[in-house]
Amino acid sequence: MSEVNASFSELPLSPAMLTILQQLEYLTMTPIQAASLPIALAGYDLIAQAKTGSGKTAAFGLALLNKLNPKSFAVQAMVLCPTRELADQVTQEIRRLARFEDNIKVLPLCGGSAMRNQITSLENGVHIVVGTPGRIMDHMERGTIKLDGLQTLVLDEADRMLDMGFHDDIAYVAKRCPKERQTLLFSATYPEGIAQLAKQFLRNPQEVKLLEQHAGSKIRQRFYEIKHEDRLQAVAMLLKHYRPVSTLAFCNTKQQCRDLLNVLRHEGIQALTLNGDLEQRERDQVLIQFANRSVSVLVATDVAARGLDIAQLEAVINVDVTPDPEIHIHRIGRTGRGDEDGWALSLCSTADKRRVAAIATAMNCAVTWDDLGKLQNDDKSPLVPPMSTLQILGGRKEKIRPGDILGALTGEAGFAREQIGKITVTDQSSYVAVARNIARDAIKKLSAGKVKGKTVKVRAL
Ligand code: ADP
Ligand code: MG
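Residues numbered from 1 in each chain as written. Chains lettered and ligands numbered in written order. Predicted model: local features only at pLDDT ≥ 70, side-chain atom pairs only at ≥ 80, totals over all residues. Heavy atoms only, no water.

1. As for the packing of aromatic side chains
For the coordinates displayed, the defined rule picks out 3 aromatic pairs. Relative to Trp369, the ring of Phe223 has its centre 6.0 Å away and its plane inclined at 55°; by these criteria the two rings are tilted. Of this pair, Phe223 sits in strand 8 (residues 219–225) while Trp369 is found in strand 14 (residues 369–370), placing the two residues 146 residues apart along the sequence. Taking the ring centre of Tyr172 as reference, the NZ or CZ of Arg176 above it sits at 3.6 Å. The cationic tip of Lys353 hangs over the ring face of Trp369; the distance from NZ or CZ to the ring centre is 4.7 Å. (Phe/Tyr/Trp six-rings, centres within 6.5 Å; stacked < 30°, edge-to-face > 60°. Helix = DSSP H or I, 4+ residues; strand = E, 2+ residues; numbered from the N terminus. Lys NZ or Arg CZ within 6 Å of the ring centre and 35° of its normal.)

2. Some points on the domain arrangement of the protein
The extent of an interface is frequently quoted as the accessible surface area lost upon association of the parts. In terms of domain boundaries, the protein breaks down into domain 1 (8–209), domain 2 (219–374) and domain 3 (387–460). Computed from C-alpha atoms alone, the centre-to-centre distance between domain 1 and domain 3 is 34 Å. (Domains from an automatic or database assignment.)

3. Details of the side chain of Ser296
Secondary-structure assignment places Ser296 in the loop between helix 12 (280–291) and strand 11 (297–300). The buried category is assigned to Ser296, whose relative accessible area is 1%. Aside from chain neighbours lying at most four places away, what touches Ser296 is Val245, Ser246, Thr247, Ile269, Gln270, Phe290, Leu383, Val384 and Pro385. (Buried < 20%, exposed > 50% of the residue type's maximum accessible area, 1.4 Å probe, protein only. Contact = heavy atoms within 4.5 Å.)

4. Concerning helix 10 (residues 231–242)
The first and last C-alpha atoms of helix 10 sit 17 Å apart over 12 residues, in line with the 16 Å expected at 1.5 Å per residue. Listing the buried residues of helix 10 in full gives Arg231, Leu232, Ala234, Val235, Ala236, Leu238, Leu239 and Tyr242. Lining the buried residues of helix 10 we find strand 8, strand 9 (247–250), helix 11 (254–266), strand 11, strand 12 (315–318) and strand 13 (342–348). Positive backbone phi, at 55°, marks Arg243, one or two positions downstream of helix 10. (Expected span 1.5 Å × (residues − 1).)

See below:
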């Protein structure tokens, strides 16, 4: 592993870019950035593997921005992402980094947005596009995107794109990109399909892999032996004992997700699930409510949770132990970020014990078994999330910004800044987390008052 405290100033980046990084408070490179940036900036093709939240976006973002010519209004870089949500996140991060120059245009190209608007933006000139393979293919078929000037192709979350069946779409797009280009492939895991993909579309790629072997530092890992039939009830027991504000619970199947959701709701615990059957808007709402701490538990399969980056996560519960140690390490690495401690709690039946042995070997740690029977639930009060989400009908289309909502709540309505949590504005709706005990009052006052000079409809989600 490269030096942990490496500074960006060691890289061949412009002074303007270094200033932006400082403004963003990116003071040192993350390990994957330190390992991959020298290679990517030197122009090599690259396969980079590191867990979610490790800073991969800036790793490829800096590489593609560094060789961009802002004066030439041609698509010079293209990033393929598995979902609209991830494409939006990547777009935002690249836009932040692109502020070292005036007027670099970054355009998201995903399904769910009007084709016509995208075509107009492309006609007006764009430097970087970030999108899902399907929509980019659409534009290629219609001839509304020109790629003659493309220098960099990025496959982000390549493992997830393969999981979602995008192989042929990626191939379609990659084959129609100029041969003389740099291709960067980023992935959280390294399944067989990635090597195949790389062989097809990368040229002599350099490889950088950062397996989080040291996940132990801030993550306290506990294994509980349980009878298989007690598994779901055991999740409720763990939650009532540890009382984490936000927990991500991993199941191996969708059916198990549904079953767990029922058990938790029956226990009075607020839980939601993410799965592929949700419409995009429903998925957005689930993520918003979980990230703003108005839902205690998010239940998901590995596929559904891939790429999720949630800043504060007190616990990860493995409802089932996964057979793949790499996936286990990846799952639990989502807690214990930054200065926070995190719990990684795993439930194992006798049949799972072999899997735990494999994990212990991969992580080079000893496993200590804990006993569910010893958990004391001294605190009998219900586990209630601290926040509650209000939905305001009206969003970006109505030119509503987070500041307008914060202003309405802390101004006329008279709430304190501390009572207001995360504010998320989407095209049609805005969502604001407020302290649970003021939710009703906040709805009343928001409905009676004005946001951005207009009366708005507000409801609790
Ligand atoms: P990944 O794609 O690996 O899941 P992201 O690129 O989404 O990770 O980055 C995760 C978070 O880390 C983002 O909020 C990003 O702004 C932040 N970040 C990235 N690089 C740095 C850095 N060098 N220093 C501090 N924060 C960083
Ligand atoms: Mg990413």
